[in-house]
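For reference, the chains in residue letters:
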Amino acid sequence: MKILAIETSFDEAGLSIIEYSQTKNETTTRVLSDVLFSQADEHKKYGGVYPTLAKQIHAKNIVALLTEALKGAGLYKEIEEHVPQNIEKARVFLEREPEMFTQLKELVAHIQRPDLDAIAITNGPGLEPALWVGISFAKALSVLWDIPLSPVNHMEGHIAAALAHKEETNEDVFTIPTPPLPAIALLISGAHTELVYMKEWLHYEKIGSTRDDAIGEAFDKVARLLDLGYPGGPLVSKLAREAREQNAEKSFTLPRPMLHSGDYDFSLSGIKTAVLKIVQDNSPLTELQKMQIAREFEDAVTEVFVSKIKNAIEEYAIASLIISGGVAANAYILDALRKIAEENSISFYVPTMDLATDNGRMIAFASALRNSPTKELDEIVAEGNLKLY
Ligand code: KG4
Ligand code: ZN
C-alpha cells in the first residue's frame, strides 16, 4: 500500500509518501518522500501563529509541495497536456481557493495519475482554517485521481511518530511496533498537554490535561517574556542547558502548579505569570538572569511531569510510556522521563528529533497503523478540537 499524507493543522505543511506492509504486531513503512514547509519565520513577528496567515501560506505552497513529494517518490510522470477527468468536480472543493485550483489544474494536466492507494489527511485537532486547506486539497485530489481518503487525528500521528523506529541499515525504513499494553502517552505540544491511557491498541481514554495553557505555549510565552524569539521551546531549553553547564546560581523560584493535586491535570498559566513578575521586578534582565529563569522554568515543569507520570505508572500498572508532540524534542524533559521508565522497567518510546515536531510522515504512519481508508468525502471536516477518546 502506498499513501500520500497531508498535514496542515498548524504552521507547518508536511507532505509525505510512504509504502507499508503489516503483520499482526508490526507495521513496516518505507518513506519514499517527505517535504516540509515551516512558516515559523512568517509568524515570528506575532510571537505566535496567526491562523489566517497560516491558511494563506499553506494554500499558496501546497501544490508546489505536492509536486516535490511526487518527484521525490518517483511518482511524477510527465505526459502530454490533457484536460484532467473530474476537474470540475475537484473545483467544487476549491471554490474558495481559486489560485490553488489553478495551480492544481496546471499540475494534473501534465502528469499521469500517481500510483497511490490512499491519501491520509489530518482532520484535527488544530487551527480550522489551516486544516481546511489540506482537507479541501485532499478531497480535490481524491476525486481527480479516484483515491480514497483516510482522515487522521493529528495526536495519533504524534503517537505513531513516537513508536516508529528507524532501521539501522536503511534510514528510510521505519518499523512501528504495537507497544506492551497498557500504555500511557504524554502528549506535549504547542496546543496540547494531555495524559492519555491506552488499555487496548489505538483505544484511548483521557486521564489528565492542562486546565489552561499548553506546555509548548508556556515555553513560547516565556521565550517572549525573555525576548528570545519564536518558536520559543528550543531557545528556552538552550538557555536552561547553558545555565546547568555553567553551574549558574539558582536565583529565582517558580511554582510547581498542581504538583500535589492528586489527579493528572496540569496548569501552566501560573508559572508564566510568575515569570512575568520576575521579569518586571528585574527589568532589564541580564543574560545570566535569563538563563536562570529558563532553567528554573524547565525544572519546574519537568518536576510536575515526573511526579504525575510516576503516579500514573503505578495506578494504572503501565507497561509502556510514550512521549510525543513538539515538546518531546526537549532533551531535559525526556531524560527525566526516560529515567522513570527505566526505574520501573517499562518500555519507553519517544520520537527522534525530526519526527517530534509536526511533519507529514507521522500522519502517514498513523494512517498505516489504522489501515482503513475511506470515509465519505462529505463526512471529512476540519475539527479544531478533535479528540482521541
Ligand atoms: O507538535 P508541534 O510541532 O506543534 C503543535 O501541534 O503544537 O509543537 C510545537 C511546540 C512549540 O510550542 C515549540 O516551542 C515546542 O513545541 N518545542 C519545544 C522544543 N522544541 C519544540 N519545547 C521545549 N523544548 C524544545 N526543545
Ligand atoms: Zn503537533
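Relevant structure appears above.
Residues numbered from 1 in each chain as written. Chains lettered and ligands numbered in written order. Predicted model: local features only at pLDDT ≥ 70, side-chain atom pairs only at ≥ 80, totals over all residues. Heavy atoms only, no water.

**Student:** So what about the overall build of the chain? Which residues, and what values?
**Tutor:** The helix and strand tally for the chain stands at 13 helices and 12 strands. Taken over C-alpha atoms, the radius of gyration comes to 22 Å for the chain, in line with the 21 Å a tight globule of 389 residues would show. Seen along its three principal axes, the alpha-carbon backbone of the chain occupies a region of about 70 × 50 × 40 Å. Counting all 389 residues of the chain, 57% fall into the buried class. (Helix = DSSP H or I, 4+ residues; strand = E, 2+ residues; numbered from the N terminus. Rg over C-alpha atoms; globule rule 2.2 N^0.38 Å. Buried < 20%, exposed > 50% of the residue type's maximum accessible area, 1.4 Å probe, protein only.)

**Student:** An account of the packing of helix 2 (residues 51–72) against helix 5 (residues 128–145) is requested, with residue identities and associated values reported.
**Tutor:** At a minimum axis distance of 8 Å, the contact between helix 2 and helix 5 shows a crossing angle of 35°. Handedness of the helix 2/helix 5 crossing: right-handed. Packed against helix 2, whose contacting residues are Pro 51, Lys 55, His 58, Ala 59, Ile 62, Val 63, Leu 66 and Leu 70, the element helix 5 presents Pro 129, Ala 130, Val 133, Gly 134, Phe 137, Leu 141 and Trp 145 at the interface. Looking at the contact of helix 2 with helix 5 residue by residue, the classes come out as 12 nonpolar, two polar and one charged. (Axes fitted to C-alpha atoms, helices over the stretch in contact; angles between N-to-C directions. Left-handed = near helix turned anticlockwise from the far one by under 90°. Contact = heavy atoms within 4.5 Å. Nonpolar A, V, L, I, M, F, W, Y, C, P; charged D, E, K, R; others polar.)

**Student:** How would you explain the site of ligand 1 if you had to name every residue and give the values?
**Tutor:** Taken together, 20 residues form the shell around ligand 1, and within it Gly 190, Asp 220, Gly 233, Gly 326 and Asn 330 come nearest. Between His 158 and ligand 1, the recorded distance is 3.2 Å, taken from a side-chain N or O atom to an oxygen atom. Contacts to ligand 1 include Gly 233, whose backbone N or O atom sits 3.0 Å from an oxygen atom. Surface burial for ligand 1 is 91%, taken as the share of its 550 Å² of free accessible area covered by protein chains. Listed by contribution, the elements that provide at least two residues to the shell around ligand 1 are helix 6 (154–163), helix 7 (215–225) and helix 8 (232–245). Its residues placed into classes, the shell around ligand 1 shows seven nonpolar, 11 polar and two charged. (Near = heavy atom within 4 Å. Polar contact = N/O pair within 3.5 Å; in protein donor to acceptor, adjacent residues only side chain to side chain. Areas by Shrake-Rupley, 256 points an atom, 1.4 Å probe, with all protein chains shown as cover.)

**Student:** Would you mind going over unusual backbone geometry in detail, with residue names and values included?
**Tutor:** Phi is mostly negative for residues that are not glycine, and the peptide bonds are mostly trans. In the segment running from Gly 124 into Pro 125, the intervening peptide bond is cis, with an omega of -10°. Along the polypeptide, Pro 125 turns up in the loop between strand 4 (118–124) and helix 5. The peptide bond linking Tyr 230 to Pro 231 adopts the cis configuration, its omega dihedral lying at -10°. When you line up the elements, Pro 231 lands in the loop between helix 7 and helix 8. A positive phi angle, near 55°, is found at Asp 146, a position not held by glycine. The residue Asp 146 is located in the loop between helix 5 and strand 5 (149–153) in this model.

**Student:** Outline the sheet that holds strand 9 (residues 193–198), supporting the account with residue identities and numerical values.
**Tutor:** Taken in spatial order, the five strands of this open sheet run 10-9-8-11-12, and their pairing is mixed. If you trace the sheet from one side to the other, it starts and ends with strand 10 (205–209) and strand 12 (347–349), each paired once. In this sheet, neighbouring strand axes are inclined to one another by 20° on average, regardless of whether the strands run parallel or antiparallel. Taken strand by strand, helix 10 (residues 287–315) contacts strand 8 (183–188), strand 9, strand 10 and strand 11 (320–324), and its axis lies near 160° from that of strand 8. (Pairing = 2+ DSSP bridges.)

**Student:** Any chance you could break down the sheet that holds strand 6 (residues 165–166) for me, citing the residues and the numbers?
**Tutor:** Taken in spatial order, the seven strands line up as 5-4-1-2-3-7-6 in an open sheet, and their pairing is mixed. Every other strand in the sheet has two partners, leaving strand 5 and strand 6 as the edge strands with one partner each. Summarising the sheet, strand 6 and strand 7 (residues 173–177) pair through two bridges and their orientation is antiparallel. Opposite His 165, over in strand 7, you have Thr 175 as the bridge partner.

**Student:** Explain the pairing of strand 3 (residues 26–38) residue by residue, including any values.
**Tutor:** Sheet topology note: the strand 2 (residues 12–23)/strand 3 ladder contains 12 bridges and is antiparallel. Of the residues in strand 3, the one forming a bridge with Glu 19 is Arg 30. Between strand 2 and strand 3, which pair antiparallel in sequence order, lie two residues. As paired strands, strand 3 and strand 7 are joined by five bridges and run antiparallel to one another. The partner of Thr 28 across the bridge, within strand 7, is Thr 175.

**Student:** If you had to explain the packing of aromatic side chains to someone new, which residues and values would you point to?
**Tutor:** What the rule picks out here adds up to five aromatic pairs. Here the aromatic cluster, defined as three or more aromatic residues joined through ring pairs, consists of Tyr 197, Tyr 264 and Tyr 316. Above the face of the Tyr 76 ring, Lys 71 is positioned so that its terminal group lies 4.7 Å from the ring centre. A cation over a ring is seen here: Arg 244 above Tyr 332, with NZ or CZ 3.4 Å from the ring centre. (Phe/Tyr/Trp six-rings, centres within 6.5 Å; stacked < 30°, edge-to-face > 60°. Lys NZ or Arg CZ within 6 Å of the ring centre and 35° of its normal.)

**Student:** Give a description of the pattern of salt bridges that names residues and reports values.
**Tutor:** Taken as a whole and assessed by the stated rule, the structure comprises 23 salt bridges. For Asp 354, the salt bridge is made with Arg 361, and the minimal N-O distance between the two is 3.2 Å. Take Asp 354: its relative accessible area is 37%, and that puts it in the partly exposed class. (Salt bridge = Lys/Arg side-chain N within 4 Å of Asp/Glu carboxyl O.)

**Student:** Run through the coordination of the zinc ion (ligand 2), naming residues and quoting values.
**Tutor:** On the protein side, the zinc ion (ligand 2) has His 154 (NE2), His 158 (NE2) and Asp 358 (OD) as donor atoms, found 2.1 to 2.2 Å from it. Expressed as a motif, the donor residue spacing for the zinc ion (ligand 2) is H-x3-H-x199-D. Remark: His 158 and His 154 occur in helix 6; sequence separation between them is four residues, near one turn of the helix. Note on His 154: relative accessible area 6%, which makes it buried. For His 158, a relative accessible area of 0% puts it in the buried group. (Donors = N, O, S within 2.8 Å, 3.2 Å for Na, K, Ca; no water.)

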